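# Working through the structure, step by step
These are the residues of each chain, in order.
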Amino acid sequence: MLTAAEGVFTNIGYGAATMEEIARAAAMSKKTVYSFFPAKRAIFSALISFVELYPEGALVAKNAASRADLTHHLQTIVERAQLHVEMTRLVIAEARHSPELAAVFRERAIRQGQRFFTEAVRAFQTSHNQNVSKDVEDIAAMLFGAIVGDLHLRALLGERPLSRNKLQKHIDNALRLILPNG
């Protein structure tokens, strides 16, 4: 049902979407859809919660000991974020009218990613016998912005994703600038 709802929302927009359209796309009756979700907003909120970009983030972060590990995991995160560009567009478009939906998305995607990066940077610094910086959250935020922010903005504006090699070079450059030791 959530996949069908995502298709409806991305094809015609949140405002134009109706419970009837979602039911039709899910090949269900409207009554069945209402038995799961009391309103369109509840479906949208569930869909945002369903879009989890970093399902294994906590486990991965603790194992980001080498630059190669960190690069691999960052590459995975960027690729996942690019898969959900349409949902990001929808959330941005609805943010003014439904700030609570934007807050859910911010927590589930952005803040979760920042926590992942914070743990990854902490693990990386620890594995390289560096004192964990008291500014580790700021460093992680810069890394997140440098890698994910630019590429996601490009995707939102309709640019094609970078090739795997260019993406790796982009990540390597950000790591060299933000985490030069290691």
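Residues numbered from 1 in each chain as written. Predicted model: local features only at pLDDT ≥ 70, side-chain atom pairs only at ≥ 80, totals over all residues. Heavy atoms only, no water.

Our next topic: the overall build of the protein chain. Helix and strand content of the protein chain: ten helices and zero strands. Along the protein chain, from the amino end to the carboxyl end, the secondary structure elements read α-α-α-α-α-α-α-α-α-α. The proportion of buried residues among the 182 residues of the protein chain is 41%. The long-range share in the protein chain, meaning contacts at least 24 apart out of those at least 6 apart in sequence, stands at 73%. Surface summary for the protein chain: the accessible area is close to 9900 Å², and the carbon and sulfur share equals 54%. (Helix = DSSP H or I, 4+ residues; strand = E, 2+ residues; numbered from the N terminus. Buried < 20%, exposed > 50% of the residue type's maximum accessible area, 1.4 Å probe, protein only. Contact = heavy atoms within 4.5 Å. Areas by Shrake-Rupley, 256 points an atom, 1.4 Å probe, with all protein chains shown as cover.)

Glancing now at the packing of helix α7 (residues 85–94) against helix α9 (residues 136–156). Where α7 meets α9, the axes come as close as 10 Å, and the angle between the chain directions of the two elements is 85°. Classified by the angle between their axes, α7 and α9 sit roughly perpendicular to one another. Where α7 abuts α9, its residues Val85, Thr88, Arg89 and Ile92 lie against His152, Ala155 and Leu156. Class assignment of the residues belonging to the contact of α7 with α9 gives a composition of four nonpolar, two polar and one charged. (Axes fitted to C-alpha atoms, helices over the stretch in contact; angles between N-to-C directions. Parallel < 35°, antiparallel > 145°, perpendicular 65-115°, else oblique. Nonpolar A, V, L, I, M, F, W, Y, C, P; charged D, E, K, R; others polar.)

Further remarks concern a positive patch on the surface. Together, Arg160, Lys166, Lys169 and Arg176 line one region of the surface with positive charge. Looking at Lys166, the relative accessible area reads 57%, which means it is exposed. (Patch = residues over 30% accessible without salt bridge, like charges linked within 9 Å, V, L, I, M, F, W, Y side chains within 5 Å. Salt bridge = Lys/Arg side-chain N within 4 Å of Asp/Glu carboxyl O. Lys, Arg positive; Asp, Glu negative; His and termini not counted. Charge placed at Lys NZ, Arg CZ, Asp CG, Glu CD.)

As a further point, take the pattern of salt bridges. Pairs may arise between side chains of opposite charge once their charged atoms sit close together. Applying the stated criterion across every chain, the model contains three salt bridges. Across the pair Glu20 and Arg24 runs a salt bridge whose closest N-O atoms are separated by 4.0 Å. Separated by four residues within a single helix, Glu20 and Arg24 lie in helix α2 (residues 19–25), roughly one turn from each other. The class of Glu20 is partly exposed, set by a relative accessible area of 42%. Measuring nitrogen to oxygen at the nearest pair gives 2.7 Å for the salt bridge that ties Glu100 to Arg41. One end of the pair, Glu100, is in helix α8 (residues 99–127); the other, Arg41, is in helix α4 (residues 40–50), with 59 residues separating them in the sequence. Here Arg41 falls in the partly exposed class, since its relative accessible area comes to 37%. One continuous salt-bridge network, built from bridges that share partners, spans Glu20, Glu21 and Arg24.

This paragraph deals with the side chain of Ser98. Note on placement: Ser98 falls in the loop between α7 and α8. Within the structure, Ser98 has its side chain in polar contact with the side chain of Arg41 (distance 3.0 Å). (Polar contact = N/O pair within 3.5 Å; in protein donor to acceptor, adjacent residues only side chain to side chain.)

Attention shifts here to the packing of α9 against helix α10 (residues 164–178). Their axes nearest at 10 Å, the elements α9 and α10 cross at an angle of 155°. Of the possible angle classes, the one that applies to α9 and α10 is roughly antiparallel. When you trace α9 past α10, the crossing you get is right-handed. Counted together, Ile139, Met142, Leu143, Ala146, Ile147, Asp150 and Leu151 of α9 and Leu167, His170, Ile171, Ala174, Leu175 and Ile178 of α10 form the full contact between these two elements. Classifying every residue of the contact of α9 with α10 by side-chain character gives eleven nonpolar, one polar and one charged. (Left-handed = near helix turned anticlockwise from the far one by under 90°.)

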